[in-house]
Structures are given as structure tokens and as C-alpha cells.
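Secondary and tertiary structure notes
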Amino acid sequence: MADMDDCLSSIEEPNKEQVFRSTKVFMKGQAIGRAVNLNILNSYDQLKDALEDKFQIWGELQNCNHKWVLLYIDHDGEMMIVGDDPWPEFRNIAKKILIYSREEVNRMMMPVDFGF
Amino acid sequence: MADFNAHQQSCTRPWPENSNANSTFYARILAANPDISGSRNSPTISQNAEISANMMPSVTVVLEGRAICQRISLQKHGSYQSLAKALRQMFLDISGDYSLEKSPENDCDLSNAIPGYFIAYEDMEDDLLLAGDLNWKDFVRVAKRIRILPVKAKQKAYGSL
């Protein structure tokens, strides 16, 4: 948290990216989101631990069960699957994190039929 | 002549030049006129922070199901615990249910401020989030509205991104 306080001490030109480092996380089916500071986490595993705690889905993000899938929204507004990028890069590009059920993700990944 | 002297006396500044009072005076002028620059006693960073904090408006507190909302000034509270106590008091005053008053004051935090309800907030992007994840300073910056919701309201389809 010391880094965050240092950023906050300068308010002359409030740069949102500079002073605010928490990433919002939403779970499909829940009205209330949570926020997580990606900069204090060192790996995808730590992220999954933190989210399992916050959303009370222990064991459901990490193990073979994989009841829930982590997605994220990047700066272009695209929805991507979490895990493809090296962790330090992911911290910078993830604008919002989403937790969807596996069924929902499978449905979304079905190819679109253009009817040709 | 005596009248003129009396007039001169009344025109002198009520504060001495280059005193601390002067810089507070300039802080207030800047708060009212943000475009003024190059003033002789420019406010320091900490005074800027004070000006900025004083310019932030109060936020609305919406208690789900109630037609009338209230306002709260987050600047008057230095922590989530202080906010929790204030919201509990607000809830007691609205609901008239004073059974909560029996709980010890130092026991009050966000998670138990109002049993059966949780404290959420709307941020500047209109997202609804549970209060408590951010540090207090960040929370004060981004919270636009506070919503006190019954626990059963948590389950609801999360709609658009």
C-alpha cells in the first residue's frame, strides 16, 4: 500500500491510471462486484486464491473441477480468457475481470452461424 | 479630519501581511476561483489537497426500499470504521429500530454495521461494488453513491459489461 500512498500524494494532475490501481471483478449472477489490487499479487495462482476468497468459491477456480472460468476485458473492450499472457503483462492490460460459469463460457465460444 | 482618519482605520486589512492567515485566505480564494494563478502566496501541496477535499461534494446514501435518501460527507470520516458507525446511526434514525444501539461501538465495522444488510457503493463508472476493498483514500475519490442493500439482493443477474 506504500506505493499507492506515494502516488496519491500528488494531486496536481490526477492521472487515474497512476493513482488508482484496483481492478474490478464481477461474477455472473452477482449484483455486487469486488475490487482487487493486482500489483500486490505475484501470480495467476495468487489471483485465483484471492478471488476464491472474495466470492466464496473455494476450490472452484483452481482445481480440475473448474466450475468457474476467469475472463478479462482489455483496453480495447475485448473479452479474453485469463492466463495467456505473462503475469506482469496481464496486470497492465486487464481493465476488468469477470467470473463466468464454464457452461456460459462454452456457450459464448460456440462459433456464430452466419447462415451462409 | 477626524472622520477621514476613522475611515482610514477601517480600511486597513484585518490581518497582518505575510502571516499564516494570508495563505489560508488564498486557499479559500483559490477554492472559489480555480483559474487564479501566480498568486503571491501559492498554496502548498497539502493545502491543495485540503482545497480539493473541501470541494468534493457529499455522497448520497440510499437505503434500499426507502423513498427518502440522505447525504453523508466522506471527508468527515477518516476510515471505513467511522463510516460504518455513521451509517449504522443513520439506519437507526430512519428505521427507529434501536435494538442495534446495544452493540458495543468498537464492534462496528462495514461487515456488521447493519445486520441483514451490506454496504455497497456506485463508483464513477456506475459499477456497483462492495465497500471495503479499496484503501480509504481511494474509496473517497471514486465513491459516487452509497447503497445499503439487503443481503438477498446480492443474487441478481450481472447484466451488461
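Residues numbered from 1 in each chain as written. Chains lettered and ligands numbered in written order. Predicted model: local features only at pLDDT ≥ 70, side-chain atom pairs only at ≥ 80, totals over all residues. Heavy atoms only, no water.

1. Brief notes about the overall build of chain A
Cut-off, in case you're wondering: The secondary structure listing takes helices from DSSP runs of H or I that are at least 4 residues long and strands from runs of E that are at least 2 residues long, numbered from the N terminus. To sort residues, take the accessible area from a 1.4 Å probe on protein chains only and compare it with the maximum for the residue type: under 20% means buried, over 50% means exposed, and anything in between is partly exposed. Whether two residues touch is decided by their heavy atoms; if any such pair falls within 4.5 Å, the residues are in contact.
Within chain A, the regular secondary structure consists of five helices and five strands. When the helices and strands of chain A are listed from N to C terminus, the series reads α-α-β-β-α-β-β-α-β-α. Out of the 116 residues in chain A, the part that is buried amounts to 42%. Here the contacts in chain A between residues at least 6 apart in sequence split such that 46% fall between residues at least 24 apart.

2. Digging into the sheet that holds strand β1 (residues 22-27) of chain A
Residue and element names in this part refer to chain A. Note the threshold: Between any two strands, pairing holds if DSSP finds at least two bridges. A fitted line through C-alpha atoms represents every axis, and for helices the fit uses only the stretch in contact; the resulting angles, taken between N-to-C directions, go from 0 to 180 degrees.
Taking strand neighbours across the sheet as the criterion, the five strands line up as β2-β1-β5-β3-β4 in an open arrangement whose pairing is mixed. Only two strands of the sheet have a single neighbouring strand rather than two, namely β2 (34-37) and β4 (79-81). Each strand axis lies, on average, 35° off the axis of its neighbour in the sheet, ignoring direction. Where β1 lies against β2, four bridges are found, and the strand directions are antiparallel. Paired with Val-25 across the bridge in β2 is Arg-34. Along the sheet, helix α5 (residues 102-109) makes contact with β3 (68-73), β4 and β5 (96-101), crossing β5 at roughly 100°.

3. Re the confidence of the model for chain A
In plain terms, the rule: Looking at any residue, its pLDDT shows the predictor's confidence there, from 0 to 100.
When the pLDDT values of chain A are averaged, the result is 83; 79% of them are 70 or greater. Confidence drops under a pLDDT of 50 for residues 5-18 of chain A, and excluding neighbours within four residues, the segment shows 19 contacts in the predicted structure.

4. Some remarks on the sheet that holds strand β5 (residues 145-150) of chain B
All names here are of chain B. The strand order β2-β1-β5-β3-β4 describes an open sheet built from five strands, whose pairing is mixed. Across the chains shown, the open sheet's two edge strands, defined by having one partner strand only, are β2 (70-72) and β4 (128-130). On average, each strand axis in the sheet is inclined to that of its neighbour by 35°, with strand direction left out of account. Of the strand pairs in this sheet, strand β1 (residues 59-63) and β5 are connected by four bridges, and their pairing is parallel. Residue pairing for β5: Val-61 is matched across the bridge by Ile-146. Of the strands in this sheet, β1, β2, β3 (117-122) and β5 are in contact with helix α4 (residues 80-95), which crosses β2 at around 160°.

5. Thoughts on the nonpolar core
Selection rule: Side-chain atoms within 4.5 Å link the members of a nonpolar core, which is a set of buried Ala, Val, Leu, Ile, Met, Phe, Trp, Tyr and Cys residues.
Grouped together as the largest cluster of nonpolar side chains are 36 residues, with contacts concentrated most on Ile72(B), Leu74(B), Leu83(B), Leu87(B), Tyr121(B), Phe139(B) and Ile146(B). Those elements that place two or more of their residues in this core are β3 and β5 of chain A together with β1, α4, β3, α5 (136-142) and β5 of chain B. In terms of residue count, the dominant contributor to this core is α4(B) (seven residues). Excluding anything up to four places from it in sequence, Leu83(B) contacts Ile72(B), Leu74(B), His77(B), Trp136(B), Phe139(B) and Ile146(B). Core analysis: the second largest hydrophobic core is formed by 21 residues, Leu41(A), Trp68(A), Leu70(A) and Val82(A) among them.

6. Section: the side chain of Thr23(A)
If you trace the backbone, Thr23(A) turns up in strand β1. The residues touching Thr23(A), leaving out its near neighbours within four places in the chain, are Arg34(A), Ala35(A), Val36(A), Leu38(A), Ala94(A), Lys95(A), Lys96(A) and Ile97(A).

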